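Chain residues, written in single-letter form:
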Amino acid sequence: MRIGARWLLAAWAVVVLFAVAAAAGPVASPVTAGGSGGRSAAELTALWQRYGDTSGAWLGADRTASVPLPDGRRLWLFSDTFLGRPDPDGARPRSASLVHNSAVVQDGDRLTTVHGGSPNRPESLVANDTDAQFHWIGDAAVRGDEVQVLVNRYRSTGPGPLDHALAGTELTTLSLPALAPGRLRPLPLGDKVSWGSEVMADGGHTYVYGTEAAGQMKFAHLARVRGDDLGQAWEFWTGKGWSNRVDDSARLLSGVGTTFGVRRVADRYVLVTHENNLLFSSDFVAYTAASPTGPFEGPHYLFRAPETEAGHVVYDADLHLDLTGPGALLVSYNVNDLDEAVAYADASIYRPRFFEVPWPPVAADRPPAPPGGLTAVPDGSGTARLAWKAEGGRDYRVHRRDVTAGQTHFVRLDGDAPGRFRSEFLVNGHKYEFGVTAVDRRGESAMSPVATMTATVPPPPAPTLVRAEPGDDGKVTLQWTEVPFVQLFKIYYRDLSAGQKNRSPAGAYPGQSATVGPLRHGHRYEFTVVAVGGGGDSVHSKGLRAVAVVAAPPAPGTPSAQARPDGTVQLTWPPVAPGLGYKIYQRDVSRGGADWGQPGIANTTQFRSHPLEHGHEYEFVVVAVNDGGEGARSPVVRVRARLAAPADAPTRLRATPDGAAVLLRWRSEQTWHWVFRRDVTAGESAFTREEYAVQGTRATLNNLVAGHDYELRVAAFNPGGVGPQSAPVRVRVASALPTNLTATATGPGNVRVTWRETRTDVLYRVQMRDATAGEQWSTDPLVVDGDHYDRILLTAGHRYEFRLQVNDLTTDPVSVTVR
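Residues numbered from 1 in each chain as written. Predicted model: local features only at pLDDT ≥ 70, side-chain atom pairs only at ≥ 80, totals over all residues. Heavy atoms only, no water.

## Re the overall build of the protein
Consideration 1: Along its length, the protein carries three helices and 68 strands.
Consideration 2: In summary, the protein has a C-alpha radius of gyration of 30 Å against a globular reference of 28 Å for 819 residues, a match within 12%.
Consideration 3: For the protein, the spread of C-alpha atoms along the three principal axes comes to 100 × 75 × 55 Å.
Consideration 4: Residue burial in the protein is summarised as follows: out of 819 residues, 50% are buried.
Consideration 5: For the protein, the computed accessible surface area is about 36,400 Å², with 48% contributed by carbon and sulfur atoms.
Consideration 6: Averaging the coordinates of the 82 positive side-chain charges in the protein and doing the same for the 86 negative ones gives two points 3 Å apart. (Helix = DSSP H or I, 4+ residues; strand = E, 2+ residues; numbered from the N terminus. Rg over C-alpha atoms; globule rule 2.2 N^0.38 Å. Buried < 20%, exposed > 50% of the residue type's maximum accessible area, 1.4 Å probe, protein only. Areas by Shrake-Rupley, 256 points an atom, 1.4 Å probe, with all protein chains shown as cover. Lys, Arg positive; Asp, Glu negative; His and termini not counted. Charge placed at Lys NZ, Arg CZ, Asp CG, Glu CD.)

Structure, rendered in structure tokens:
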């Protein structure tokens, strides 16, 4: 009963020209966005935010696979993708087109959005989807003159946003260099595993990882082909060897996402995934193995996504090792919100994020001892009470494993654990193992001896329906009371006007509200809700009734139109009814235009036009729209467009040192700004404008000289010119050199060099010379991360000198005589 929310399924489970894939193949249009090579995680995140805000073609998407192409371009592959541009307030228009897979081609500093269909009727890139089925992108690899792409086909099993099931895996190709899609070829892989979570070439094989969804658990599987052709016969890992039967495929480990990354790093295979052993986790973790087949050790906790603090969900992970240097993992992940209204209100939510972490992790030298005396007792209400012997000065982390569900690795639970802990959201009859680790300044201990417990979880009580509110679009919004330890609810309805006796399912929904519809106009419906908990389903709630309404909207009142200095026109008008969209028609009277042309779209009672031609007079009318179509037009409003350079200088400019960079913030009503800098220490008298303009009121300046003083200014600009510069602000870039350098003889032939770090983002090179022997300075080839350095096998009685080098700066030497 709910149409258009399928893009929420994956959460569970700069100007750009438009490019589309027509019958003859995709049509490319260049886009200025900047190359990806050498960009930081923050810069890549900002790249996609900027692209979604300014391209006019790509609003947001998930999956975020990247494939380097032989000609130097990069292919970014996405699943559910919204097309178009955001509203002036940053919202995603309700009219934005959704396709289930797409691509963005990066060619140096140009980006091109590619999908099927036409600009007015867009379709998915590699499949013609219908309401009954759709295709999501797996992973891809280059083979010869084409890109082989794995896609997974899903079928709808009901009207809710979670009602879908895997129907199979298919293979398609994108020709090079045109990237024209080929035909879809079903692969004989069944519908148990969604293959293509990762495609990894290693040795003489290409390995394909997949994900099996079993209830709320997800398990990794592994297959391979000889060579690089994914269209030939597959072999499947059985846990002991390889088989040509897909039914023999064995689970590698639990807790993976629908997509995850696997790459060989040095002599280990690293698997990075969103933590799926726990529902709605914020964590991203890594597992390691000596072979692509495992066994995998871990988890190593890499990163906690900040977006969950705002109520959003994060999911999936992709590795992009070719975009970063050695000693680090660059990972992308996806963000969404299960409240459709929230996701539509802020288009920036549904866009990829990136993070980068050092790798491999450094183990603690002398971790604390694990705690003892752990007990786990079911309390009969669906939770487990844990207790252990706690010591002062330590924190504790609780870990859980659902043995019955086949969970292979422990998962760390959220929450403070001072010696007692309550574990929630258990499943009735499931056997659980619990462990506790101690954490202090030395690191984290090994896990305590496990405590085992079988959960006793009663069925949840039925929720109480508190509201059934019909809109004028044929939909009814339901709200119900919270049920403890329940995160999923099933909605049912009966069409009383049609004499329906048995309840029909309307889908499964998280949270405490759902919008059901569209329903038949004028029909009376009865709705009930069932809570789904660890102890099973509750009984149906008491029914609540509502009459569905679909009404054509009346005409809006007379709009007001204000010409803005940036050449746009700001329109406002009286609201017609809640939940409506609006179409805004315009025509250029100065050019004698009689045709109103294609309308703009708004989901609020405000609209800002695109920049108009200076001095021309325009007419606007507004039409309210719902599922019944367009209503009557508003009275005409006329306005003359004006364009002027910004009149005001930005204010409250602040500069904050951040390692080798400087963070700038200021206040301004304008969108685009130039930043100007002057190196005071170097004696520069004139300000120099930065190479790239800044969108918004924040900027990060790099390529600064450590220890130098700078003066900085900001000025707003638009197509009409550059406005006045702000008052300057002065900032000093922190020196990267450490202080308190000391060398101490620690034993026969041994010396320890210590220092105090002034910044934590610096790697050091240690230089040494035997002063007694008259040696020249030599540099240790290994860089040091931290505040000390140990040297052994030195000559007794000799005096040695040590110093540290950071970039082109060197500390004063210190000396020590070896024992």
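The structure having been displayed, the exposition proceeds.
## Describing the sheet that holds strand 37 (residues 476-480)
Consideration 1: Read from one edge to the other, the open sheet built from three strands follows the order 36-37-40, with strand pairing classed as antiparallel. Each of the sheet's edge strands pairs with one partner strand only, and the pair in question is strand 36 (465-470) and strand 40 (513-516). Ignoring which end each strand starts from, the neighbouring axes of this sheet average 15 degrees apart.
Consideration 2: Pairing of strand 36 with strand 37, which is carried by five bridges, proceeds in the antiparallel orientation. (Pairing = 2+ DSSP bridges. Axes fitted to C-alpha atoms, helices over the stretch in contact; angles between N-to-C directions.)

## A few points about the side chain of histidine 616
Consideration 1: Inspection of the secondary structure assignment puts histidine 616 in the loop between strand 48 (606-608) and strand 49 (617-626).
Consideration 2: Given the relative accessible area of 16%, histidine 616 is considered buried.
Consideration 3: At 2.9 Å, the side chain of histidine 616 and the side chain of aspartate 588 are in polar contact. (Polar contact = N/O pair within 3.5 Å; in protein donor to acceptor, adjacent residues only side chain to side chain.)

## Points about the pairing of strand 62 (residues 750-756)
Consideration 1: Of the two faces of strand 62, the one lined by Val751, Val753 and Trp755 is fully buried and the one lined by Asn750, Arg752, Thr754 and Arg756 carries no buried residue.
Consideration 2: Here strand 61 (residues 739-747) hands over to strand 62 after two residues, with glycine 749 in that stretch at a positive phi of 75 degrees.
Consideration 3: With four bridges joining them, strand 62 and strand 65 (residues 788-791) adopt antiparallel strand pairing. Along strand 65, the bridge assignment pairs valine 751 with arginine 791.

## A few points about the nonpolar core
Consideration 1: By size, the foremost hydrophobic cluster in this structure holds 22 residues, and its most contacted members are Val751, Val753, Trp755 and Phe802.
Consideration 2: If you list the elements that add at least two residues to this core, you get strand 61, strand 62, strand 63 (765-770), strand 66 (799-806) and strand 68 (814-817).
Consideration 3: The element contributing the most residues to this core is strand 66, with four residues. (Core = buried A, V, L, I, M, F, W, Y, C linked by side-chain atoms within 4.5 Å.)

## Things to note about the environment of aspartate 191
Consideration 1: On the secondary structure map, aspartate 191 appears in the loop between strand 15 (185-186) and strand 16 (193-202).
Consideration 2: When its relative accessible area of 49% is taken as the criterion, aspartate 191 is described as partly exposed.
Consideration 3: With 23 residues separating them along the chain, aspartate 191 and glycine 168 place their C-alpha atoms 4.7 Å apart.
Consideration 4: With residues near it in sequence (within four places) discarded, aspartate 191 still touches Leu166, Ala167 and Gly168. (Contact = heavy atoms within 4.5 Å.)

## A look at helix 2 (residues 41-54)
Consideration 1: Compared with an ideal rise of 1.5 Å per residue, which puts 14 residues at 20 Å, helix 2 spans 20 Å between its outermost C-alpha atoms and is within 8% of the ideal.
Consideration 2: Here helix 2 has its buried residues at Ala41, Leu44, Thr45, Leu47, Trp48, Gln49, Tyr51, Gly52 and Thr54.
Consideration 3: Immediately beyond the C-terminal end of helix 2, within one or two residues, lies glycine 56, with a positive phi of roughly 75 degrees. (Expected span 1.5 Å × (residues − 1).)

## A few points about the sheet that holds strand 21 (residues 261-265)
For sheets, the rule is that strands pair by backbone hydrogen bonds, running either parallel or antiparallel.
Consideration 1: In spatial order, the strands read 21-22-23-24; together these four strands make up an open sheet with antiparallel pairing. Both outer strands of the open sheet, strand 21 and strand 24 (297-304), are each paired with one neighbouring strand and no more. Pairwise comparison of adjacent strand axes, ignoring direction, gives a mean angle of 25 degrees for this sheet.
Consideration 2: The pairing of strand 21 with strand 22 (residues 268-274) spans five bridges and is antiparallel. Residue valine 262 lies in a different strand from strand 22, and its bridge partner there is leucine 271.

## A short note on the confidence of the model for the protein
Consideration 1: Taken residue by residue, the protein gives an average pLDDT of 89. The fraction at 70 or more is 94%.
Consideration 2: Of the regions scoring below 50 in pLDDT, residues 1-6 engages in 25 contacts with residues more than four places distant in sequence or in other chains.
Consideration 3: In this model residues 9-36 is a low-confidence stretch, pLDDT under 50, and it forms 102 contacts with partners more than four residues away in sequence or in other chains. (pLDDT = per-residue confidence, 0-100.)

## A closer look at the pattern of salt bridges
Consideration 1: In total, this model carries 43 salt bridges according to the counting rule given.
Consideration 2: The salt bridge involving glutamate 212 is made with arginine 251; its shortest N-O contact spans 2.9 Å. Of this pair, glutamate 212 sits in strand 17 (residues 205-214) while arginine 251 sits in the loop between strand 20 (242-243) and strand 21, and the two are 39 residues apart along the sequence.
Consideration 3: One salt bridge connects arginine 591 with aspartate 588, and the closest N-O pair in it is separated by 3.5 Å.
Consideration 4: Looking at aspartate 588, the relative accessible area reads 13%, which means it is buried.
Consideration 5: Via salt bridges that share partners, Arg587, Glu617, Glu619, Arg638 and Arg640 belong to a single interconnected network. (Salt bridge = Lys/Arg side-chain N within 4 Å of Asp/Glu carboxyl O.)

## Comments concerning unusual backbone geometry
Consideration 1: Between glycine 298 and proline 299 the backbone carries a cis peptide bond, its omega angle lying at 5 degrees.
Consideration 2: Residue position: proline 299 is located in strand 24.
Consideration 3: The omega torsion of the bond from glycine 517 to proline 518 falls at 10 degrees, within 30 degrees of zero and hence cis.
Consideration 4: Positive phi outside glycine occurs at alanine 266, with the angle close to 60 degrees.
Consideration 5: Tracing the chain through its elements places alanine 266 in the loop between strand 21 and strand 22.

## Notes on the environment of glycine 210
Consideration 1: Within the fold, glycine 210 resides in strand 17.
Consideration 2: Along the chain, glycine 210 and leucine 712 lie 502 residues apart, while their C-alpha atoms are 51 Å from each other.
Consideration 3: Here glycine 210 is in contact with Val193, Ser194, Trp195, Gly196, Ser197, Phe219, Ala220, His221 and Phe260, once residues within four sequence places are set aside.

## Overview of the packing of aromatic side chains
Consideration 1: With the rule as written, the count across this model stands at 33 aromatic pairs.
Consideration 2: When the centroid spacing of 5.4 Å and the interplanar angle of 55 degrees are considered together, the rings of tryptophan 58 and phenylalanine 78 count as tilted. Residue tryptophan 58 is found in strand 3 (residues 58-61), and its partner phenylalanine 78 is found in strand 5 (residues 74-78); the two are separated by 20 residues along the sequence. With respect to class, tryptophan 58 is no different from phenylalanine 78; both count as buried.
Consideration 3: On the numbers, 5.8 Å between centres and 85 degrees between planes, the contact of tryptophan 195 with tryptophan 234 is edge-to-face. In this pair, tryptophan 195 sits in strand 16 while tryptophan 234 sits in the loop between strand 18 (217-226) and strand 19 (235-237), placing the two residues 39 residues apart along the sequence. Of the two residues, tryptophan 195 and tryptophan 234, neither departs from the other in class, the shared state being buried.
Consideration 4: Note that arginine 92 overlies the ring of phenylalanine 82, its terminal NZ or CZ placed 3.9 Å from the centroid.
Consideration 5: Directly above the ring of tyrosine 344 sits arginine 92, whose terminal nitrogen or CZ lies 4.7 Å from the centroid. (Phe/Tyr/Trp six-rings, centres within 6.5 Å; stacked < 30°, edge-to-face > 60°. Lys NZ or Arg CZ within 6 Å of the ring centre and 35° of its normal.)

## Things to note about the environment of histidine 708
Consideration 1: Of note, histidine 708 is situated in the loop between strand 57 (698-701) and strand 58 (709-718).
Consideration 2: Using a relative accessible area of 19% as the deciding quantity, one classes histidine 708 as buried.
Consideration 3: It is 50 Å that separates the C-alpha atoms of histidine 708 and glycine 600, two residues lying 108 residues apart in sequence.
Consideration 4: Not counting residues up to four positions away in its chain, the partners in contact with histidine 708 are Asp679, Thr681, Ala682, Val731, Arg732 and Val733.
Consideration 5: Of note is the side chain of histidine 708, whose polar atom sits 3.0 Å from the side chain of aspartate 679.

## Points about a positive patch on the surface
Consideration 1: On the surface, Arg652, Arg654, Arg665, Arg667 and Arg698 cluster together into a positively charged patch.
Consideration 2: Of all the elements in the fold, those that place two or more residues in the positive patch are strand 52 (651-658) and strand 53 (661-667).
Consideration 3: By secondary structure assignment, the location of arginine 654 is in strand 52.
Consideration 4: Of the residues examined, arginine 654 reaches a relative accessible area of 52% and is grouped as exposed. (Patch = residues over 30% accessible without salt bridge, like charges linked within 9 Å, V, L, I, M, F, W, Y side chains within 5 Å.)

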